[in-house]
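What follows is each chain in one-letter form.
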Amino acid sequence: MFVIFVKPLKYTTIASILMLLFADVSATVKDIPVTGNVRKASIKQIVIHATGGPDCNPAQRFQSGDLDSIVAHFLRNKKHISIHYIIDRNGDLVRMVPEFQVAYHVRSHNMNSIGIELINHGDGQDPFPEPQIVTLITLLRDVLMRYRLTVSDLKSHSELDNSYLTCRKIKIKRKSDPGAAFPWQRLMRELTQNTVDLTVAKHNAKIDALQELLRQWTQQEHRVRTHLSAVLNDQHDAKIALNWNKQTSYNTQTITLENEQRDLRMASIQETIDQLKQRETELRLEIQGFIQVKMNAKTVLRQLRIQVNDALTKNKKQFGF
């Protein structure tokens, strides 16, 4: 398995990227920097939170708060809790801890995760407004792509934190966010479609590149075969010349001189034949190399086409498109 470490982007660079990403979304992007420890592990998961949740105090139980109060809460308690992103109900985005730094948002999973808070009661009844989900999907598409993650790397806060609260001697799960009202199916559908599109596009690019290589290799093989044919013709002509010299008879008065000349010619012709045979061997090996590499390329092409078809079929079965 290959572990890919993505080079951290500078704070100002990511801010610029976010501004471009949300240029077509009716939302603002605001930076309220909070410094965290430099991340040493690669990012493996993205955790979705809701600002509201269980609490022993009824007045605070499943209360989302508004964006300003949540930001103020994180700033007051930044030594203990922190977050990378907060998304308001209207889709506005606040960036706090830079991605290349650790934010303390989920027990035991901070070192390799990015945390995203959504302003929501987290009670399973409070709906997540459309602008908020649009901003979330836009952000997730970018983050998933940059860190080469998939939808399987998206986690809810509740599935990672299994701790409990004891309220009046009653144990209740400490974290339940983002809650039952969170549109996981839509998220998976839209982000999976994006992933499928990227996968298909990448595989099709590889298919096109391999087909072009096959075309070039076929042309080169044809040139080598033409060269081999010429070499075989030269061999044939040289063997005829050699046989002719072997059968030639000479006048006895000049036989010694002529025999010497004939022997020299025959030796030269034989050397040429040997060189042509060596070249024939080289060309046949070259042709075999083209045959083998073309067979390998065709095998890879078949595998890529199967993967493209499987990705499209799986996506159609899962989401109906």
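Here the structure is shown first, and the text comes after it.
The rules behind these values
Residues numbered from 1 in each chain as written. Predicted model: local features only at pLDDT ≥ 70, side-chain atom pairs only at ≥ 80, totals over all residues. Heavy atoms only, no water. Buried < 20%, exposed > 50% of the residue type's maximum accessible area, 1.4 Å probe, protein only. Helix = DSSP H or I, 4+ residues; strand = E, 2+ residues; numbered from the N terminus. Arc of directions from axis to C-beta. Contact = heavy atoms within 4.5 Å. Pairing = 2+ DSSP bridges. Axes fitted to C-alpha atoms, helices over the stretch in contact; angles between N-to-C directions.

Trainee: An account of helix H2 (residues 67-76) is needed here, citing residue identities and associated values.
Mentor: What H2 keeps buried is the set Leu67, Ile70, Val71 and Phe74. The buried residues of H2 all sit within an arc of 100° when viewed along its axis, so they share a single face. Exposed residues lying more than 90 degrees from the buried face of H2 are Asp68 and Arg76. In this structure, the buried side of H2 is in contact with strand S3 (85-87), strand S4 (93-95) and strand S5 (113-118).

Trainee: Could you give an account of the pairing of strand S2 (residues 45-50), with specific residues and numbers?
Mentor: The two faces of the sheet receive side chains in turn, since in a regular strand these alternate between them. Where burial is concerned, most of S2 is hidden: six out of the six residues are buried. Of the pairings in the sheet, the one linking S2 to S5 comprises six bridges and is parallel in character. The partner of Ala50 across the bridge, within S5, is Leu118. For S2 and strand S6 (residues 154-156), the ladder comprises three bridges, and the chain directions are parallel. Looking across to S6, one finds that Ile48 is bridged to Ser156.

Trainee: Before we move on, can you summarise the sheet that holds S3 with the specific residues and values?
Mentor: The sheet built from six strands is open, its strands ordered S1-S4-S3-S5-S2-S6 with mixed pairing. Looking along the sheet, the strands with just one partner apiece sit at the ends: strand S1 (29-31) and S6. The mean inter-strand angle of the sheet, taken between neighbouring strand axes irrespective of direction, is 25°. Those strands touched by H2 are S3, S4 and S5, and its axis lies near 160° from that of S3.

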